[in-house]
Amino acid sequence: MTVETYSQKAKKLSEKIEQTITFRTGSQVHSLKVDVLGEIVVLSGRTDSFYHKQLATHAALSEIDQYALTNNIRVES
């Protein structure tokens, strides 16, 4: 039986969220970083439209169940 540590679960979740965001936004979030800090998922990076920031929010929410989400992705023209 293999037991996953919290950090292994957090890393897997972070990678899955990052993949989903990249796919759903068409790679329009640059320098994307997803951190899982306890019960909070924090997104950071930059994009050129609020639409892509919103897509990233919905993509992340589709992957998390009992976590809170903070979207710190910056919109820069």
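Here the residue index of a chain counts from 1 through its sequence in written order. In keeping with the predicted nature of the model, local features appear solely for residues at pLDDT of at least 70, side-chain atom pairs appear and are counted solely at 80 or more, and the whole-chain, interface and lining totals rest on all residues. Heavy atoms throughout the structure, all of them, feed into the side-chain values; hydrogens and water do not.

Undergrad: Where do I start with the sheet that holds strand β3 (residues 68–75) in this structure?
TA: Whenever strands of a sheet pair, they do so through backbone hydrogen bonds, lying parallel or antiparallel. Across the sheet, which stays open at both edges, the three strands sit in the order β1-β2-β3 with mixed pairing between neighbours. Strands with a single pairing partner mark the edges of an open sheet, and in this sheet they are β1 (30–37) and β3. Taking the axes of each pair of neighbouring strands and ignoring which way they run, one obtains an average angle of 10° across the sheet. A pair of strands counts as paired when DSSP detects no fewer than two bridges linking them. In DSSP terms, a helix is any run of H or I states spanning at least four residues, a strand is any run of E spanning at least two, and both are numbered starting from the N terminus. The pairing of β1 with strand β2 (residues 40–47) spans six bridges and is antiparallel. From the neighbouring strand, D35 faces β2, where its bridge partner is V42. Set on the sheet, helix α1 (residues 6–25) makes contact with β1 and β2; between it and β1 the angle comes to about 145°. Any two residues whose heavy atoms approach within 4.5 Å are treated as being in contact. Every axis corresponds to a line fitted to the C-alpha atoms, with the helix fit spanning only the stretch in contact, and the corresponding angles, defined between N-to-C directions, vary from 0 to 180 degrees. Where helix α2 (residues 50–63) meets the sheet, it contacts β2 and β3, and its direction lies at approximately 160° from that of β3.

Undergrad: What is the right way to read the pattern of salt bridges from this model?
TA: Two side chains with opposite charge may pair up if their charged atoms get near one another. Only one rule defines a salt bridge in this text: a Lys or Arg side-chain nitrogen within 4 Å of an Asp or Glu carboxyl oxygen. Throughout the structure, instances matching the rule amount to three salt bridges. Between K33 and D35 there is a salt bridge, and its shortest N-O distance comes to 3.8 Å. Buried, partly exposed and exposed residues are distinguished by accessible area as a fraction of the type maximum, computed with a 1.4 Å probe on protein chains only: under 20%, between the cut-offs, and over 50%, respectively. Judged by its relative accessible area of 26%, D35 falls in the partly exposed class. Between R74 and E76 there is a salt bridge, with the nearest N and O atoms lying 2.9 Å from each other. You can call R74 partly exposed: its relative accessible area is 45%. Judged by its relative accessible area of 36%, E76 is partly exposed.

Undergrad: Would you mind showing me how to read the environment of V29 here?
TA: If you trace the backbone, V29 turns up in the loop between α1 and β1. Residue V29 is classed as buried on the basis of its relative accessible area of 10%. Placed eleven residues apart in sequence, V29 and E18 show a C-alpha to C-alpha distance of 10.0 Å. Each residue touching V29, except ones within four places of it in the same chain, is listed here: I21, R46, T47, H52, A56 and I73.

Undergrad: So what exactly am I meant to see when it comes to the packing of α1 against α2 here?
TA: Between α1 and α2, whose axes approach to 9 Å, the crossing angle comes to 140°. With respect to their mutual orientation, α1 and α2 come out oblique. Seen along the crossing, α1 lies across α2 with a hand that is right-handed. Contact with α1, carried on its side by L13, K16, I17, T20, I21, R24 and T25, involves H52, L55, A56, H58, A59, A60, S62 and E63 of α2 and no other residues of that element. Of the residues contributing to the contact of α1 with α2, the split by class is seven nonpolar, five polar and three charged. Our angle categories are set so that under 35 degrees counts as roughly parallel, over 145 as roughly antiparallel, 65 to 115 as roughly perpendicular, and the remainder as oblique. Handedness of a helix crossing follows the sense of rotation of the near helix relative to the far helix, less than a right angle counterclockwise being left-handed and clockwise being right-handed. Only Asp, Glu, Lys and Arg are considered charged in this grouping, and only Ala, Val, Leu, Ile, Met, Phe, Trp, Tyr, Cys and Pro are considered nonpolar; every other residue, Gly among them, is considered polar.

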